[in-house]
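Report on the structure
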Amino acid sequence: MKLVEEKNPDIERVLEIITEGLSKRAVITIMASCRVYYDGRAISRLDLGDRIIIIKSDGSFIIHQDRNLEPVNWQPPKTKLSTKIHQGMVKIKGVRRNPHESLEVEILHTHMISYFIGEDSESLELAGYEADMGDLIFKDPEVIEKGFRPTSREYHTPQGFIDILGKDQDGNIVILELKSRKAGTNAVKQLRRYVDCFSDHKQKVRGLLVAPSATDDAMELLEEQGMEFKALEPPRELGNDKVVTLETFFSHSSS
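Residues numbered from 1 in each chain as written. Predicted model: local features only at pLDDT ≥ 70, side-chain atom pairs only at ≥ 80, totals over all residues. Heavy atoms only, no water.

Let's talk about the overall build of the protein
We apply this condition: Counting from the N terminus, the helices are the DSSP runs of H or I reaching at least four residues and the strands are the DSSP runs of E reaching at least two. Our radius of gyration looks at C-alpha atoms and nothing else; its globule reference is 2.2 Å times the residue count to the power 0.38. Methods summary: accessible areas were calculated by the Shrake-Rupley approach with a probe of 1.4 Å, and residue burial reflects only the protein chains presented.
From N to C terminus, the protein includes five helices and 13 strands. The C-alpha atoms of the protein give a radius of gyration of 26 Å, which is well past the 18 Å a tight globule of 255 residues would have. With respect to the principal axes defined by its C-alpha atoms, the protein has extents near 75 × 40 × 35 Å. When the accessible surface of the protein is summed, it comes to about 15400 Å², and 48% of that surface belongs to carbon and sulfur atoms.

So this is what it looks like as structure tokens:
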């Protein structure tokens, strides 16, 4: 059976469904009144309230409140999970070794519990981000301007990584700061820091903010700083031979 679902089960049945779901590597969803305790890099306690508890087939252990996008507590994939009945409550505990931490949920009443055995081997493809803009510029440099030649990508400086470093048709250094959405003053300030890294360079150094659009404040600051803006929409094509998944996107973003 792919789906098992029960409303208001007793604690013995809750334990049975969780144990069965874990053994089948199913996705377990529990809507319950519970307390939540975390011990690890910090310590936290969440007193009694109605919450959604999710255990995924990869060992992810997640607790959501009825508000906000992010979970209030969570443990990542490969968390070791165990469950038992103690003092009239169902306890679920997730433990990690490195770093050592534990997340424990005490369920006092279960409103609904289910497990689902799904089949999903696909990876989410992404398009329309800075990486796609970079690919486009290297493929067709003149989308920036005639004679532009990109020379480096993710060029390291003391202030961070320059998205694209290149030269214009006159041989001047051009620093590109890419944004896939409307750019604000923070992007301009970051570009300024990159340009300042080349302050002792003999050649002229141009700072160019590349984005679909920019705020009025950003445009004013660019003008004040003697830098430029280029409007460019990121490509939004999926299904190409260079698939970017959600996992690789976040790995790239955190580097």
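Description of the nonpolar core
One broad rule of soluble globular proteins: the nonpolar side chains tend to lie buried together. Inclusion rule: In this description, a nonpolar core means a group of buried Ala, Val, Leu, Ile, Met, Phe, Trp, Tyr and Cys residues linked to one another through side-chain atoms lying within 4.5 Å. Only protein chains enter the accessibility calculation, which uses a 1.4 Å probe; a residue whose area is less than 20% of its type maximum is buried, one above 50% is exposed, and one in between is partly exposed. In this analysis, two residues are considered to be in contact whenever any of their non-hydrogen atoms come within 4.5 Å of each other.
Counting residues in hydrophobic clusters, the biggest one holds 24 residues, and the most contacted among them are Ile18, Ile30, Ile53, Phe61, Ile92, Val105 and Ile107. When contributions to this core are tallied by element, the ones reaching two or more residues are helix H1 (11–23), strand E2 (27–39), strand E3 (43–55), strand E4 (61–64), strand E7 (89–96) and strand E8 (101–116). Considering each element in turn, this core owes the most residues, six residues, to E2. Once residues lying within four places of it in the same chain are set aside, the contact partners of Ile107 are Ile30, Ala32, Ser33, Cys34, Ile53, Met89, Val90 and Ile92. In this structure, Ala183, Leu191, Ala211 and Ala214 belong to the second largest nonpolar core, which totals 19 residues.

Focus: the sheet that holds strand E12 (residues 205–211)
Using the following cut-off: If DSSP finds at least two bridges between two strands, the strands pair. Lines are fitted to the C-alpha atoms to define the axes, a helix being fitted only along its stretch in contact, and any angle between axes, read from their N-to-C directions, falls within 0 to 180 degrees.
As summarised here, the arrangement of the five strands in space is E9-E10-E11-E12-E13, forming an open sheet in which the pairing is mixed. Each having just a single partner strand, strand E9 (149–157) and strand E13 (228–231) make up the two edges of the open sheet. Between one strand axis and the next, the sheet turns through 30 degrees on average, direction left out of account. Packing of helix H2 (residues 130–139) onto the sheet brings it into contact with E9, strand E10 (160–167), strand E11 (173–178) and E12, and relative to E9 it is tilted by some 145 degrees.

Things to note about unusual backbone geometry
In this structure, Pro99 follows Asn98 across a cis peptide bond, with omega equal to 0 degrees. Structurally, Pro99 can be placed in the loop between E7 and E8. Despite not being glycine, Asn68 has its phi angle at roughly 70 degrees, a positive value. Positionally, Asn68 belongs in the loop between E4 and strand E5 (73–75).

Quick notes on the pattern of salt bridges
Selection criterion: Counted as salt bridges are all cases of a side-chain nitrogen of Lys or Arg within 4 Å of a carboxyl oxygen of Asp or Glu.
Taken as a whole and assessed by the stated rule, the structure comprises 16 salt bridges. Its salt-bridge partner being Asp47, residue Arg45 comes within 2.7 Å of it at the nearest N-O pair. Its salt-bridge partner being Lys179, residue Glu177 comes within 3.5 Å of it at the nearest N-O pair. Because the salt bridges share partners, they merge into one network encompassing Arg35, Lys91, Glu104 and Glu106.

Let's talk about the packing of aromatic side chains
Aromatic ring pairs are reported here in terms of the distance separating the ring centres and the angle at which the planes meet. Threshold: For this analysis, a ring pair means two rings from Phe, Tyr or Trp (six-membered ring only for Trp) whose centres lie within 6.5 Å, classed as stacked if their planes differ by under 30 degrees, edge-to-face if by over 60, and tilted for the remaining angles.
For the structure shown, the criterion picks out one aromatic pair. Between Tyr155 and Phe198 the ring centres are 6.2 Å apart and the planes differ by 35 degrees, which places this aromatic pair in the tilted class. A residue pair is termed long-range when its members are at least 10 positions apart, and Tyr155 in strand E9 and Phe198 in the loop between helix H3 (185–196) and E12 qualify at 43 residues. Residue classification places Phe198 among the buried residues on the basis of a relative accessible area of 12%.

Observations concerning the environment of Arg41
Worth spelling out the cut-off: Any N or O atom pair separated by 3.5 Å or less is treated as a polar contact, with the protein-specific requirement of one donor-capable and one acceptor-capable atom, and with residues adjacent in sequence counted only for side-chain atom pairs.
Along the polypeptide, Arg41 turns up in the loop between E2 and E3. Sequence separation between Arg41 and Ser102 is 61 residues, and the spatial gap between their C-alpha atoms is 9.7 Å. Setting aside residues no more than four positions away along its own chain, Arg41 makes contact with Arg96, Pro99 and Glu101. A polar contact of 3.3 Å, which involves the side chain of Arg41, links it to the side chain of Glu101.

Overview of the side chain of Arg51
The condition that has to hold: The charge count includes Lys and Arg as positive and Asp and Glu as negative, but it does not include His or the ends of the chains.
Following the sequence through the fold, Arg51 ends up in strand E3. We note that Arg51 is buried and unpaired, the nearest opposite charge coming from Asp50 at a distance of 7.6 Å. In terms of polar contacts, Arg51 uses its side chain to reach the backbone carbonyl oxygen of Asp47, at 2.6 Å. Other than its neighbours up to four places away in sequence, Arg51 contacts Ile30, Met31, Ala32, Cys34, Arg35, Val36, Leu46, Ile63, His64 and Gln65.

Comments concerning H1
Formally: Multiplying 1.5 Å by the residue count of a helix minus one yields the expected span of that helix.
An ideal rise of 1.5 Å per residue puts 18 Å on 13 residues; H1 measures up with 18 Å between its terminal C-alpha atoms. On the buried face of H1, the contacting elements are strand E1 (3–7), E2, strand E6 (80–86), E7 and E8.

Notes on H3
Our working definition: Working note: the arc is built from the helix axis to C-beta atom directions.
Along its twelve residues, H3 runs 16 Å from first to last C-alpha, staying within 8% of the 16 Å computed at 1.5 Å per residue. What H3 keeps buried is the set Ala187, Val188, Gln190, Leu191, Tyr194 and Val195. Here the buried residues of H3 occupy an arc of 160 degrees about the axis, which is enough to place them on one side. Packing partners of the buried residues in H3 comprise E9, E10, E11, E12 and helix H4 (216–225).

Considerations on a negative patch on the surface
Defined as follows: Residues qualify for a patch when their relative accessible area is over 30% and they have no salt bridge, like charges being joined within 9 Å and the nonpolar side chains of Val, Leu, Ile, Met, Phe, Trp and Tyr within 5 Å. A charge is said to be at NZ when it belongs to Lys, at CZ for Arg, at CG for Asp and at CD for Glu.
On the surface, Asp216, Asp217, Glu220, Glu223 and Glu224 cluster together into a negatively charged patch. As for its position among the elements, Glu223 is in helix H4.

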